[in-house]
Amino acid sequence: MRIPEPLFVVINAGMRLLLRSPLHALASRSLMLITFTGRVTGRTYTTPVRYIKVGTTIRWFTNRDAKWWPNLKHDPTVVLRMRGRDVICTARVIDDDPATVRELLAGYLAQFPGDAVYHDVGLTKDGTPLPADLDRAASHSLVVEARPKLADR
């Protein structure tokens, strides 16, 4: 079931509170906060996102129409609030390689099939993403990967 877009204003505010609280464990195994600086305003913004972690890489997906991700191309330093801790990371946006986005999105949807609806991807009876839908989703989605700054040294 897809949550109507206007409700995300309320849901995101609640998630910001929850993920910063001692009760973060209720959601922080798959949700985190990303804090970044606006490229035009210079203001700090924080938004919740669902993520997967592969080794030291933290990965999440968004739609190309989202307004926040271009900030990461301007200043790739982000603070991720994960499992009750802040981690300073360097982010990298993958927005010019649909084949990579498709492959990574397929892996993500294997872990979070309920998110397929947000990428307009249908699933087969066994939960596998429909190939044509995955191709289309890869053309209007992008991947953000982040690694802790300490791991860069």
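Look above for the structure.
About the criteria used
- Residues numbered from 1 in each chain as written.
- Predicted model: local features only at pLDDT ≥ 70, side-chain atom pairs only at ≥ 80, totals over all residues.
- Heavy atoms only, no water.
- Salt bridge = Lys/Arg side-chain N within 4 Å of Asp/Glu carboxyl O.
- Helix = DSSP H or I, 4+ residues; strand = E, 2+ residues; numbered from the N terminus.
- Buried < 20%, exposed > 50% of the residue type's maximum accessible area, 1.4 Å probe, protein only.
- Axes fitted to C-alpha atoms, helices over the stretch in contact; angles between N-to-C directions.
- Parallel < 35°, antiparallel > 145°, perpendicular 65-115°, else oblique.
- Left-handed = near helix turned anticlockwise from the far one by under 90°.
- Contact = heavy atoms within 4.5 Å.
- Pairing = 2+ DSSP bridges.

**Q** What is the right way to look at the pattern of salt bridges in this model?
**A** Any two side chains of opposite charge can pair, so long as their charged atoms come close to each other. Applying the stated criterion across every chain yields a total of 7 salt bridges. Here Arg-59 ties to Glu-145 by a salt bridge, and the two come within 2.8 Å at their closest N and O atoms. Of the two residues, Arg-59 sits in strand 4 (residues 57-63) while Glu-145 sits in strand 7 (residues 141-148), which places them 86 residues apart along the sequence. Each member of the pair, Arg-59 together with Glu-145, is buried.

**Q** Explain unusual backbone geometry to me, please; I cannot follow it from the model alone.
**A** Glycine aside, negative phi is the norm for most residues, and most peptide bonds take the trans geometry. Non-glycine residue Arg-83 carries a positive phi angle of around 50°. Along the chain, Arg-83 falls in the loop between strand 5 (77-82) and strand 6 (85-94). Positioned with a positive phi, Asp-120 is a non-glycine residue whose angle comes to about 55°. Tracing the chain through its elements places Asp-120 in the loop between helix 3 (98-111) and helix 4 (131-140).

**Q** Mind showing me how you'd approach the packing of helix 3 against helix 4 here?
**A** Pairs of packed helices are described in terms of their axes, by the angle between the two and the distance that separates them. One way to put it is that helix 3 packs onto helix 4 with a least axis distance of 8 Å and a crossing angle of 120°. Considering their axes alone, helix 3 and helix 4 lie oblique with respect to each other. Where helix 3 crosses over helix 4, the handedness of that crossing is right-handed. Listed contacts from helix 4 to Pro-98, Val-101, Arg-102, Leu-105, Ala-106 and Leu-109 of helix 3 are Pro-131, Leu-134, Asp-135, Ala-137 and Ala-138.

**Q** So what exactly am I meant to see when it comes to the sheet that holds strand 7 here?
**A** Pairing between sheet strands relies on hydrogen bonds along the backbone, with the strands arranged either parallel or antiparallel. The sheet built from 7 strands is open, its strands ordered 2-1-5-6-7-4-3 with antiparallel pairing. If you trace the sheet from one side to the other, it starts and ends with strand 2 (44-50) and strand 3 (52-54), each paired once. Each adjacent strand pair in this sheet contributes to an overall mean axis angle of 35°, direction not counted. Sheet analysis places strand 3 next to strand 4, joined by 3 bridges and oriented antiparallel.

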